[in-house]
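This is what each chain is made of:
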Amino acid sequence: MTTLTALPAGDSLTFPRLQSLLDATAGNLSTHLRRLEDAGYVQVTKGHRGRVPATHVQATTAGRRAFEEYLTALRALLDPSGTAAHDPEDQS
């Protein structure tokens, strides 16, 4: 999700490019994407580029929202006081 949400909304990556970026096996990535797709967090589009099959993956609006909520919760766990994000001069 981190890789997909770093793209502008509506942009997608091909399956091989995503696999390469994540250094994942095809089977492992397929399993993860299937679960994310079932949750409505990613959209997987299969088609052809000429005669060659092509699979594109993109984060959905719901997926982007869920990822942002996850990051907010994670930040709260890492810094319960909430000061790290608000005080860039505090290096402690």
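### Some details on the overall build of the chain
Broken down by element type, the chain carries four helices and three strands. Each helix (α) and strand (β) of the chain, taken in turn from the N terminus, gives the series α-β-α-α-β-β-α. Taking 92 residues into account, the globule formula puts the C-alpha radius of gyration at 12 Å, and the chain, at 17 Å, lies well above it. Taken along its principal axes, the extent of the C-alpha atoms in the chain is 55 × 25 × 25 Å. As displayed, the chain has an accessible area near 6,800 Å², and 53% of this comes from carbon and sulfur atoms.

### Notes on the layout of surface pockets
What the largest pocket holds in volume is close to 160 Å³. Taken together, Phe15, Ser30, Leu33, Arg34, Glu37, Val44, Lys46 and Thr55 make up the lining of the largest pocket. Taken together, the elements giving at least two residues each to the lining of the largest pocket come down to helix 3 (26-38) and strand 2 (42-49). Here the lining of the largest pocket is composed, by residue class, of three nonpolar, two polar and three charged.

### Digging into the side chain of Thr60
On the secondary structure map, Thr60 appears in the loop between strand 3 (52-59) and helix 4 (61-78). Side-chain polar atoms of Thr60 contact the backbone oxygen of Gly40, separated by 2.6 Å. Aside from chain neighbours lying at most four places away, what touches Thr60 is Gly40, Tyr41, Val42 and Gln43.

### As for the side chain of Asp79
Relative to the assigned elements, Asp79 resides in the segment after helix 4. Arg75 is the oppositely charged side chain nearest to the buried, salt-bridge-free Asp79, at an N-O distance of 9.2 Å. At a separation of 3.0 Å, a polar atom in the side chain of Asp79 contacts the side chain of Ser81.

### Observations regarding unusual backbone geometry
For residues other than glycine, phi is negative in most cases, and the peptide bonds are mostly trans. Phi angles above zero are rare outside glycine, and Asp23 is one such case at about 50°. Inspection of the secondary structure puts Asp23 in the loop between helix 2 (15-22) and helix 3.

### As for helix 4
The end-to-end C-alpha distance of helix 4 is 26 Å, a good match for the 26 Å that 18 residues give at a rise of 1.5 Å each. On its buried face, helix 4 is in contact with helix 1 (2-5) and strand 3.

About the criteria used
- Residues numbered from 1 in each chain as written.
- Predicted model: local features only at pLDDT ≥ 70, side-chain atom pairs only at ≥ 80, totals over all residues.
- Heavy atoms only, no water.
- Helix = DSSP H or I, 4+ residues; strand = E, 2+ residues; numbered from the N terminus.
- Rg over C-alpha atoms; globule rule 2.2 N^0.38 Å.
- Areas by Shrake-Rupley, 256 points an atom, 1.4 Å probe, with all protein chains shown as cover.
- 1 Å grid on protein atoms, 1.4 Å probe; cavity = no way out; pocket = protein on both sides within 12 Å on 5 of 7 lines; lining within 4 Å.
- Points joined across faces, edges and corners; volume = space filled by probe spheres on them.
- Nonpolar A, V, L, I, M, F, W, Y, C, P; charged D, E, K, R; others polar.
- Polar contact = N/O pair within 3.5 Å; in protein donor to acceptor, adjacent residues only side chain to side chain.
- Contact = heavy atoms within 4.5 Å.
- Buried < 20%, exposed > 50% of the residue type's maximum accessible area, 1.4 Å probe, protein only.
- Lys, Arg positive; Asp, Glu negative; His and termini not counted.
- Salt bridge = Lys/Arg side-chain N within 4 Å of Asp/Glu carboxyl O.
- Expected span 1.5 Å × (residues − 1).

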